[in-house]
Amino acid sequence: MSENDVIIIGGGAAGLFCAVQSAWLGKKTAVIEHMKKPGRKLLITGKGRCNVTNSCDAETVMKNIPRNPSFMYSSLSRFAPEDTMAFFESLGAELKTERGNRVFPKSDRAETILNALVGAAEQAGVEFIYDDARKLIVEDGRVKGVSCEKAEYYAQKVVVATGGKSYPLTGSTGGGYKLALQAGHRVTEISPSLCPIVTEERHCAEMMGLSLRNCTLTLHDDQTGRVLFSELGEMLFTHFGLSGPLALSASAHMDRITKGRYTVSIDLKPALSHEKLDERILRDFSEYPNRDFSNALKKLLPSKMIDTVVRLSGIEPYKKVNQITRTERGRLAELLKDMRFSVRALRPIEEAIITRGGVDVREISPKTMESKLVKGLYFIGEVLDVDGYTGGFNLQIAFSTAYACAADV
Ligand SMILES: Cc1cc2nc3c(=O)[nH]c(=O)nc-3n(C[C@H](O)[C@H](O)[C@H](O)COP(=O)(O)OP(=O)(O)OC[C@H]3O[C@@H](n4cnc5c(N)ncnc54)[C@H](O)[C@@H]3O)c2cc1C
């Protein structure tokens, strides 16, 4: 086999995009992928619809990157969300923008995005090699190639685009961190982000499967007294705690979780003030004044929640509603506006959307993604210690870093 100019390890979002750009610039490019097909993770993004970017400016993307946003400044300035959109549209993948500026393919199918990338790569002559990268070949501070399970491959430029450690069945098994360490790079602590939350309270299990569409979830750091996140949207109760978009987003704001540090508060009635909610409860109660309390919440709450709310309210379940005191009613309203859960942990990294931590960006050039330690070696995408919130920001990180790299290799 003749030597390639560029070898990209990992055929995910970042690797495929980098391969297309590099081949378009006339470089003989190969992608090494250890799964049977490239882009397995892309197919499950956005619940199979692929939220490919966020239709906003580069500055807004940076505001949605909690870790090392300034590292992204240069690459985002050169390749912003509008460029991502233009790129996919130019390949015939029509896009649409939804709530929160989230951009999806019009087909609502992630395959549209993956096929566009793989199709463009194949057309540009990118070679796909199915092998598992095990070791970088480095001589005199310069990369020479990569040693894989089946063979060694040589190139003057090697790009590590192996992704993070979440959803390992898609191929993102964390192999890139080993390659980085072996090349002398620091890898910061790896932990889950955009991940379901395990709560101390057991009553989430009683409400398991219940999905709330219009609630506000607020995350408090009780150590500093600060509110870290507060948003209106959807969430889900599970056997271990909280999941769904709001819980995943909140998880990205937690750092080191210690007992009692983080509290999640759910406002079940965000559209009503305390006073309005009290009026509403009073109105419901006065319709059937002789009803037991436990039977009086059907109009107000989903049925799966009623037993739990009744218990947490401390109001006797068989008390007639016309005997419920103003103080008790106040307690109920308080509970519905501020149902609290203590965070015990996040679920394991395998269940996270994103890996927090990765190749230390202080050792990477933000302009080119080249290693400052080994010449010709590059790192792009999720393997880097950069992560974004939900909304298409993580794929944008993959594309922007890949573009910066492709222009240099
Ligand atoms: C369920 C889910 C939903 C998501 N939804 C969205 C969304 O809608 N929008 C968004 O912006 N982000 C989303 N993300 C995050 C997004 O998928 C990632 O940020 C993005 O895929 C990272 O791209 P990457 O190319 O760096 O890594 P990956 O896409 O993980 O690709 C890495 C590739 O490298 C290969 N590889 C790994 N090690 C080796 C090795 N040693 N040798 C050879 N090949 C190797 C892997 O098989 C894989 O193909 C989602 C993630 C998950 C898990």
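Values in this document were obtained by computation on a predicted structure and should not be read as measured data.

> Can you explain the overall build of the protein? Please cite residues and give values.
Secondary structure assignment for the protein yields 13 helices and 18 strands. Looking at the protein as a whole, 55% of its 409 residues qualify as buried. Taking the contacts inside the protein whose residues are at least 6 apart along the sequence as the reference set, 72% of them involve residues at least 24 apart. Considering the protein, the positive charge centre built from 54 side chains and the negative charge centre built from 50 side chains are found 3 Å apart.

> Describe in detail the site of the ligand, supporting the description with residues and values.
In the vicinity of the ligand lie 33 residues, with Ala14, Glu33, Ser172, Glu382 and Leu395 positioned nearest. In the environment of the ligand, an oxygen atom lies 2.8 Å from a nitrogen or oxygen atom belonging to the backbone of Ala14. In the model, a nitrogen atom of the ligand is placed 3.0 Å from a nitrogen or oxygen of the Ala133 main chain. Across the complex, the protein chains shield 95% of the 1000 Å² of accessible surface that the ligand would expose by itself. Elements supplying a minimum of two residues to the shell around the ligand: helix H1 (13-24), strand S2 (29-33), helix H2 (40-44) and helix H13 (393-406).

> Can you tell me about the side chain of Ser147, naming the residues and giving the values?
Here Ser147 lies in strand S8 (residues 142-148). Owing to a relative accessible area of 18%, Ser147 belongs among the buried residues under this scheme. Residues within four places of Ser147 in sequence aside, it is in contact with Asp132, Ala133, Arg134, Lys135, Ile137 and Glu152.

> Describe the nonpolar core, naming the residues involved and giving the relevant values.
Most often, soluble globular proteins have nonpolar side chains that are buried together. Membership of the largest hydrophobic core comes to 81 residues, with the highest contact counts inside it found for Ile9, Phe88, Met369, Leu377, Phe379, Ile380 and Leu384. With 9 residues, H13 is the single largest residue contributor to this core. For Ile9, the contacting residues outside a window of four places in its chain are Ile32, Ala133, Leu136, Val146, Val158, Val159, Val160, Ala161, Thr162 and Leu179. Counting 46 residues, the second-largest nonpolar core is a separate cluster that includes Leu219, Val264, Phe285 and Val310.

> Describe a nonpolar patch on the surface, naming the residues involved and giving the relevant values.
Nonpolar side chains collect at one region of the surface, where Leu43, Ile44, Tyr167 and Ile353 lie side by side and expose about 320 Å² of accessible area between them. Position of Leu43 relative to the elements: it lies in helix H2.

> Describe the packing of aromatic side chains, with residues and values.
Throughout the structure, instances matching the rule amount to 9 aromatic pairs. Plain terms: the ring middles of Phe17 and Phe399 are 5.1 Å apart, the flat faces sit at 50 degrees to each other, and that makes the pair tilted. Linking Phe17 in helix H1 with Phe399 in helix H13, this pair joins segments that are 382 residues apart in sequence. Its relative accessible area of 0% is what places Phe17 among the buried residues. Through successive ring pairs, a cluster of aromatic residues spans Phe17, Trp24, Phe79, Phe87, Phe88, Phe399 and Tyr403. One residue, Arg49, lies across the ring of Phe104, its end atom 3.9 Å from the ring centre.

> Give a detailed account of the layout of surface pockets, specifying residues and quantitative values.
Taken as a whole, the second largest pocket holds about 270 Å³ of empty space. For the second largest pocket, the full set of lining residues is Arg67, Glu189, Ser191, Pro192, Ser251, Met254, Asp255, Arg256, Ile257, Leu346 and Arg356. Tallied by class, residues from the lining of the second largest pocket come to 4 nonpolar, 2 polar and 5 charged.

> Quick rundown of the sheet that holds strand S15 (residues 262-267)? Include the residues and the values.
Strand pairing in a sheet is mediated by backbone hydrogen bonds. Such pairs are either parallel or antiparallel. If you trace the 6 strands once around the closed barrel, you get S11-S14-S13-S12-S15-S16, paired in antiparallel fashion. Sheet twist, expressed as the average angle between the axes of neighbouring strands with direction ignored, equals 45 degrees. Each of S15 and strand S16 (339-346) is contacted by helix H12 (residues 326-337), which is oriented at about 110 degrees to S15, the strand it contacts most.

Definitions and cut-offs
- Residues numbered from 1 in each chain as written.
- Predicted model: local features only at pLDDT ≥ 70, side-chain atom pairs only at ≥ 80, totals over all residues.
- Heavy atoms only, no water.
- Helix = DSSP H or I, 4+ residues; strand = E, 2+ residues; numbered from the N terminus.
- Buried < 20%, exposed > 50% of the residue type's maximum accessible area, 1.4 Å probe, protein only.
- Contact = heavy atoms within 4.5 Å.
- Lys, Arg positive; Asp, Glu negative; His and termini not counted.
- Charge placed at Lys NZ, Arg CZ, Asp CG, Glu CD.
- Near = heavy atom within 4 Å.
- Polar contact = N/O pair within 3.5 Å; in protein donor to acceptor, adjacent residues only side chain to side chain.
- Areas by Shrake-Rupley, 256 points an atom, 1.4 Å probe, with all protein chains shown as cover.
- Core = buried A, V, L, I, M, F, W, Y, C linked by side-chain atoms within 4.5 Å.
- Patch = residues over 30% accessible without salt bridge, like charges linked within 9 Å, V, L, I, M, F, W, Y side chains within 5 Å.
- Salt bridge = Lys/Arg side-chain N within 4 Å of Asp/Glu carboxyl O.
- Phe/Tyr/Trp six-rings, centres within 6.5 Å; stacked < 30°, edge-to-face > 60°.
- Lys NZ or Arg CZ within 6 Å of the ring centre and 35° of its normal.
- 1 Å grid on protein atoms, 1.4 Å probe; cavity = no way out; pocket = protein on both sides within 12 Å on 5 of 7 lines; lining within 4 Å.
- Points joined across faces, edges and corners; volume = space filled by probe spheres on them.
- Nonpolar A, V, L, I, M, F, W, Y, C, P; charged D, E, K, R; others polar.
- Pairing = 2+ DSSP bridges.
- Axes fitted to C-alpha atoms, helices over the stretch in contact; angles between N-to-C directions.

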